[in-house]
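Here is what each chain is made of, one letter per residue.
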Amino acid sequence: MFEKTGVATREMVMTKFPPIERINNGPVAVVECYQKIPCNPCSTACPFGAITVGEDINNIPCRDENLCTGCGQCVAKCPGLAIMIVDGSKSDETVQFRIPYEFLPLPEAGETVVGLDRAGQPICKAKVLRVMNPPAFDRTPVVTLEVERKYLYDFRNFRREAEANG
Ligand code: SF4
Ligand code: SF4
């Protein structure tokens, strides 16, 4: 399935999420890297040693949720846009995501956008809380969004309403 579509199955996705108790405790990285590739900026970018690739650069990165502070420094560093931060500590009804977003124009804080699943299908509304695009992110802006909690394991990206309306 993944080999054909490039879309991770729910089973695959769940192997990358930490337990819900950890998510509800505060921000934590979800590293959706599923294939062996020669890559490791996620590991070298983490100041807390929370992502390990190991001696073989082809290894799939492993994130330790107990070392991860959710600082987000790895998000913009991943060339595959494979990392996002999830945070379930702010509300019982919603979760926050920090995701890399390389489309222009960028959204603005306060904007409502269309939440997309891993197949790019619209699934929900999402509220943009913050857009970060400092030089250190090297043209990979990071957008913080608020999404209904029931979409925790489905939400993966967004598009702006204007784009949805053509
Ligand atoms: S969010 Fe911060 S602490 Fe967590 S893996 Fe990424 S760089 Fe490391
Ligand atoms: S930087 Fe991204 S693509 Fe590269 S190994 Fe880390 S998670 Fe995978």
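Structure first, text after, so check above.
Basis of the calculations
All chains use their own residue numbering, which begins from 1 and follows the written sequence. Written order decides the labels, with chains lettered from A and ligands numbered from 1. For a predicted model such as this one, the threshold for reporting local features is a pLDDT of at least 70, and the threshold for listing and counting side-chain atom pairs is 80 or more; totals across whole chains, interfaces and linings nevertheless cover every residue. Hydrogens and waters are ignored; side-chain quantities use all the structure's heavy atoms. Any residue with a non-hydrogen atom lying within 4 Å of a molecule or strand is treated as near it. Classification convention: Asp, Glu, Lys, Arg as charged; Ala, Val, Leu, Ile, Met, Phe, Trp, Tyr, Cys, Pro as nonpolar; all other residues, Gly among them, as polar. For helices the rule is a DSSP run of H or I covering at least 4 residues; for strands it is a run of E covering at least 2, with both sets numbered from the N terminus onward. Each residue's exposure class comes from its accessible area (1.4 Å probe, protein chains only) as a fraction of the maximum for that residue type: buried when under 20%, exposed when over 50%, partly exposed otherwise. Polar contacts, as used here, are pairs of N or O atoms within 3.5 Å; protein pairs need one atom able to donate a hydrogen and one able to accept it. Residues neighboring in sequence count only if both atoms are side-chain atoms. We call two residues in contact whenever any of their non-hydrogen atoms come within 4.5 Å of each other.

*Asks:* Please clarify how the site of ligand 2 should be interpreted in this entry.
*Replies:* Taken together, Val 31, Cys 33, Ile 37, Cys 39, Pro 41, Cys 42, Pro 61, Cys 78 and Pro 79 make up the full set of residues near ligand 2. In terms of residue class, the shell around ligand 2 is built from 9 nonpolar, no polar and no charged.

*Asks:* What am I meant to see in the side chain of Glu 111 here?
*Replies:* Mapped onto the elements, Glu 111 comes out in the loop between strand E5 (94–100) and strand E6 (112–116). Residue Glu 111 is classed as buried on the basis of its relative accessible area of 18%. In this structure the side chain of Glu 111 is engaged in a polar contact, spanning 2.8 Å, whose partner is the side chain of Arg 160. Setting aside chain neighbours within four positions, we find Glu 111 in contact with Ala 126, Lys 127, Val 128 and Arg 160.

*Asks:* When you look at unusual backbone geometry in this model, what are you seeing that I'm missing?
*Replies:* Trans is the common state for peptide bonds, and a negative phi is the common state for residues other than glycine. Note the cis peptide between Leu 104 and Pro 105, where omega equals 0°. You will see that Leu 81, though not glycine, has its phi angle at about 50°, which is positive. When you line up the elements, Leu 81 lands in the loop between strand E3 (62–63) and strand E4 (83–87). Note on Leu 81: relative accessible area 29%, which makes it partly exposed. In this structure, Arg 139 takes a positive phi of about 65° despite not being glycine. Owing to a relative accessible area of 68%, Arg 139 belongs among the exposed residues under this scheme.

*Asks:* Help me understand the environment of Phe 48, please; the structure alone is not making it clear to me.
*Replies:* For Phe 48, the location among the structural elements is in the loop between helix H4 (41–45) and strand E2 (51–52). Looking at Phe 48, the relative accessible area reads 42%, which means it is partly exposed. In sequence terms Phe 48 and Gly 26 are 22 residues apart; their C-alpha atoms lie 16 Å from each other.

*Asks:* Where do I start with the side chain of Asp 87 in this structure?
*Replies:* Considering the arrangement of structural elements, one finds Asp 87 in strand E4. Overall, the relative accessible area of 7% leaves Asp 87 in the buried class. In terms of polar contacts, Asp 87 uses its side chain to reach the side chain of Ser 89, at 2.7 Å.

The analysis is restricted to geometry; functional conclusions fall outside its scope.
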